[in-house]
Amino acid sequence: MAEYQSVRAAGVSGARAAQIDEGLRAHMNKVYGTMSVGTFITFLAAWAISGLAVTTDPSAGAVMFRDGQYLTGLGQALYLSPLKWVIMFAPLAFIFFGFGAAVNRLNAAGVQLVFYAFAVLMGLSLSSIFLVFTGLSIIQVFLTTSIAFAGLSLWGYTTKKDISGWGSFLIMGVIGLLVASIINIFLGSPAIQFAVSILGVLIFAGLTAYDTQNIKNTYIQHAAHGDQDWLGKAAIMGALNLYLDFINMFMFLLQLLGNRE
């Protein structure tokens, strides 16, 4: 097994290596399980919030959204008022300023709750997709993303190739995507949006494989030294990284493949 070879490379062999190998499988199961729950919470929250933002009763909302549908007061606040900018950038601010503080101050259970709270916040930020894209196309893109993510993560876990060198290049790509996306909010260029979406899919595909291998190797390094206190939080941090890879790859694919209402 690829992970067993990594254990031996860390200077561990015999029964201890087998114990770490078993612990690695449990660690990865926790990472994927936590990530899956967070993804479910995000899409459930996005669907529920979008449902509250639209009504068929014209008396309940003053703004017509499309034929037969109107934005409620909540919908107008979320999508038409200056609050939309806060909602748009809140997840980014949370990642930079909130999650790191939670990891330093809370135990593993507390960090997990913070992650789930972040998943709800992300659902609020993504709720507009249910108003913009058809439900069928959202499901189709979600399934496509799930299949691609599973294949990329499996490759990152099993490959014998060291892809740690991808990290700095991919992070620079993410920063470039963020800058280009912010600029295009004001320019509204379809060509820039298309280019950003293509690059976004490629970059987060690479990050999926990179993060998976990094989670595996980091576990082995710490487990080989018996650093058990750190491992509980590491699973949540790994789940957050893969969650962000999945959500971003989904959103970029939705821009490319989704059918708009």
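All values derive from a computational prediction rather than experimental measurement. (Residues numbered from 1 in each chain as written. Predicted model: local features only at pLDDT ≥ 70, side-chain atom pairs only at ≥ 80, totals over all residues. Heavy atoms only, no water.)

**Student:** Explanation requested: a nonpolar patch on the surface in the structure shown.
**Tutor:** A cluster of nonpolar side chains, namely Trp85, Met88, Phe89, Leu92, Phe96, Phe97, Leu178, Ile182, Ile185 and Phe186, defines an oily patch on the protein surface of about 960 Å² accessible area. When contributions to the nonpolar patch are tallied by element, the ones reaching two or more residues are helix H4 (83-105) and helix H8 (166-187). No other element matches the six residues that H4 contributes to the nonpolar patch. (Patch = residues over 30% accessible without salt bridge, like charges linked within 9 Å, V, L, I, M, F, W, Y side chains within 5 Å. Areas by Shrake-Rupley, 256 points an atom, 1.4 Å probe, with all protein chains shown as cover. Salt bridge = Lys/Arg side-chain N within 4 Å of Asp/Glu carboxyl O. Helix = DSSP H or I, 4+ residues; strand = E, 2+ residues; numbered from the N terminus.)

**Student:** Got a minute to help me understand the UniProt feature "transmembrane region" (unreviewed entry) in the protein in this structure?
**Tutor:** The sites that carry the UniProt feature "transmembrane region" (unreviewed entry) are, in the present numbering, residues 31-54, 85-106, 113-132, 138-157, 169-186, 192-210 and 230-254. As annotated, residues 192-210 comprises 100% helix and 0% strand, and the C-alpha atoms at either end are separated by 26 Å. With 100% helix and 0% strand, the stretch residues 230-254 has end C-alpha atoms that lie 36 Å from each other. (UniProt positions renumbered as here; feature names shortened; annotations may be inferred.)

**Student:** What is the right way to read the packing of aromatic side chains from this model?
**Tutor:** How two aromatic rings sit relative to each other is given by the distance of their centres and the angle of their planes. Applying the stated criterion across every chain yields a total of 12 aromatic pairs. Ring plane angle 85 degrees and centroid distance 5.4 Å describe the contact between Phe115 and Tyr243, whose orientation is recorded as edge-to-face. Here Phe115 is found in helix H5 (residues 108-126), whereas its partner Tyr243 is found in helix H10 (residues 228-257), with 128 residues between them in sequence. Tyr243 matches Phe115 in its accessibility class, with the two residues each being buried. Members of the aromatic cluster, joined through ring pairs, are Phe43, Phe142, Phe149, Phe246 and Phe250. A cation sits over an aromatic face here: Lys216 above Tyr157, 5.3 Å from the ring centre. (Phe/Tyr/Trp six-rings, centres within 6.5 Å; stacked < 30°, edge-to-face > 60°. Buried < 20%, exposed > 50% of the residue type's maximum accessible area, 1.4 Å probe, protein only. Lys NZ or Arg CZ within 6 Å of the ring centre and 35° of its normal.)

**Student:** It is not clear to me how the packing of H8 against helix H9 (residues 190-223) should be interpreted in this structure. Could you clarify?
**Tutor:** Working note: a packed helix pair is described by the angle between its axes plus the distance between those axes. In the contact formed by H8 and H9, the axes pass within 10 Å of each other and the chain directions differ by 155 degrees. Regarding the angle of H8 to H9, the classification is roughly antiparallel. Between H8 and H9 lies a crossing of left-handed hand. In this structure, H8 contributes Trp166, Gly167, Leu170, Gly173, Val174, Leu177, Ala180, Ser181, Asn184 and Leu187 to the contact, and H9 contributes Ile192, Gln193, Val196, Leu199, Gly200, Ile203, Phe204, Gly206, Leu207 and Tyr210. Across the contact of H8 with H9, the residue classes tally to 13 nonpolar, seven polar and no charged. (Axes fitted to C-alpha atoms, helices over the stretch in contact; angles between N-to-C directions. Parallel < 35°, antiparallel > 145°, perpendicular 65-115°, else oblique. Left-handed = near helix turned anticlockwise from the far one by under 90°. Contact = heavy atoms within 4.5 Å. Nonpolar A, V, L, I, M, F, W, Y, C, P; charged D, E, K, R; others polar.)

**Student:** In this structure, what is going on with the confidence of the model for the protein? I would like to understand it.
**Tutor:** The predicted model of the protein has a mean per-residue pLDDT of 85, with 90% of residues at 70 or higher. Per-element mean pLDDT across the protein ranges from 47 in helix H1 (residues 2-9) up to 94 in helix H7 (residues 135-158). For the stretch residues 1-5, pLDDT sits under 50, and the model shows 16 contacts to residues farther than four places along the chain or on other chains. (pLDDT = per-residue confidence, 0-100.)

**Student:** How do you make sense of the packing of H7 against H9 when you look at a structure like this?
**Tutor:** Their axes nearest at 7 Å, the elements H7 and H9 cross at an angle of 40 degrees. Here H7 is positioned oblique relative to H9, judged by the angle of their axes. Seen along the crossing, H7 lies across H9 with a hand that is right-handed. Residues Phe149, Leu152, Ser153, Trp155, Gly156 and Tyr157 of H7 pack against Ala205, Thr208, Ala209, Thr212, Gln213 and Lys216 of H9. Across the contact of H7 with H9, the residue classes tally to six nonpolar, five polar and one charged.

**Student:** So what exactly am I meant to see when it comes to the nonpolar core here?
**Tutor:** Grouped burial of nonpolar side chains is what soluble globular proteins tend to show. Of all hydrophobic cores here, the largest spans 54 residues; its most connected members are Phe99, Ile129, Tyr243, Ile247 and Phe250. Listing elements by their share of this core, those giving two or more residues are helix H2 (14-53), H4, H5, H7, H8, H9 and H10. Among the elements that make up this core, the one with the highest residue count is H10 (16 residues). Apart from residues lying up to four places away in sequence, Ile129 is in contact with Phe43, Ile138, Phe250, Met251 and Leu254. Among the nonpolar cores identified, the runner-up in size contains eight residues, and Ile49, Val54, Leu71 and Leu78 belong to it. (Core = buried A, V, L, I, M, F, W, Y, C linked by side-chain atoms within 4.5 Å.)

**Student:** Would you mind showing me how to read the environment of Ala53 here?
**Tutor:** By secondary structure assignment, the location of Ala53 is in helix H2. Apart from residues lying up to four places away in sequence, Ala53 is in contact with Tyr70, Leu71, Thr72, Gly75 and Tyr79.

**Student:** Hey, could you run me through the pairing of strand S2 (residues 63-66) in this one?
**Tutor:** Strand residues, when the strand is regular, have side chains that alternate between the two faces of the sheet. One ladder, built from three bridges, connects S2 with strand S3 (residues 69-71); its direction is antiparallel. Its bridge partner lying in S3, Val63 is registered against Leu71. The hairpin turn running from S2 into S3, its antiparallel successor, is two residues long, and Gly68 in that turn takes a positive phi close to 85 degrees. (Pairing = 2+ DSSP bridges.)

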